[in-house]
Amino acid sequence: MNAVATISVNRRYLDLLRISIGIIYFWFGALKFFPGFSPAEDLAINTINKLTFHIVPQPVNILLLATWESAVGLMLIFGKWVRIALASLFLHMACTFTPLLFFPDLSFKYAPYGFTLVGQYIMKNIIIICAALVIWPKKEQ
């Protein structure tokens, strides 16, 4: 027998979870508009350079990332275009794990289990991914 458990969660709690992810996204994105304010700025720039084969010039790449993260954050905070925001979040999250491969010396003190602060910063995204899966809107029936 294949049983699926259905858990009822108060809508307010899901809204709070959506808004809290939105605040984090907006905050982290907004910091990237101001050079030197984001502790992840250099890592982000170097990762984008690797992912785009240096096609997207700096500072354009960090401004695009700042805009992307801020837009996702605002959509989640205000509950508009949530599916688009979450799809963008999942794509962004996939990219945030690439420094583990691109820059293992920055990510690990003892690979593959002993993370540096940068590695821990990256791995915390697992929580954001799981929370985003929880708030994914159900199809209207």
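Use the structure listed above.
Residues numbered from 1 in each chain as written. Predicted model: local features only at pLDDT ≥ 70, side-chain atom pairs only at ≥ 80, totals over all residues. Heavy atoms only, no water.

Caption draft 1: Layout of helix α4 (residues 82-96). Here α4 contains 15 residues, and its C-alpha end-to-end distance of 20 Å stays within 8% of the 21 Å for a straight helix at 1.5 Å per residue. Every buried residue of α4 is listed here: V82, A85, L86, S88, L89, H92, M93 and T96. Projected onto a plane normal to the axis of α4, the buried residues spread over an arc of 160° and lie on a single side. Exposed residues pointing more than 90 degrees away from the buried face of α4 are listed as I84 and L91. Looking at the packing, one finds that the buried side of α4 touches α1 (11-31), α3 (60-78), α5 (99-102), α7 (117-123) and α8 (125-135). (Helix = DSSP H or I, 4+ residues; strand = E, 2+ residues; numbered from the N terminus. Expected span 1.5 Å × (residues − 1). Buried < 20%, exposed > 50% of the residue type's maximum accessible area, 1.4 Å probe, protein only. Arc of directions from axis to C-beta. Contact = heavy atoms within 4.5 Å.)

Caption draft 2: The arrangement of the packing of aromatic side chains in detail. According to the stated counting rule, one finds five aromatic pairs in the structure shown. Here F28 and Y121 contribute two aromatic rings whose centre-to-centre distance is 6.2 Å and whose plane-to-plane angle is 15°, an arrangement assigned as stacked. With F28 in helix α1 and Y121 in helix α7, the pair connects residues that are 93 residues apart, well separated along the chain. What makes F28 partly exposed here is its relative accessible area of 28%. Accessibility expressed as a relative area gives 30% for Y121, which makes it partly exposed. Taken together, a centroid distance of 6.1 Å and an interplanar angle of 75° make the contact between F102 and F103 edge-to-face. The ring of F102 is capped by K50, whose NZ or CZ atom sits 5.7 Å from the centre of that ring. Of note, K124 hangs over the ring of Y121, and the distance from its end group to the ring centre comes to 4.3 Å. (Phe/Tyr/Trp six-rings, centres within 6.5 Å; stacked < 30°, edge-to-face > 60°. Lys NZ or Arg CZ within 6 Å of the ring centre and 35° of its normal.)

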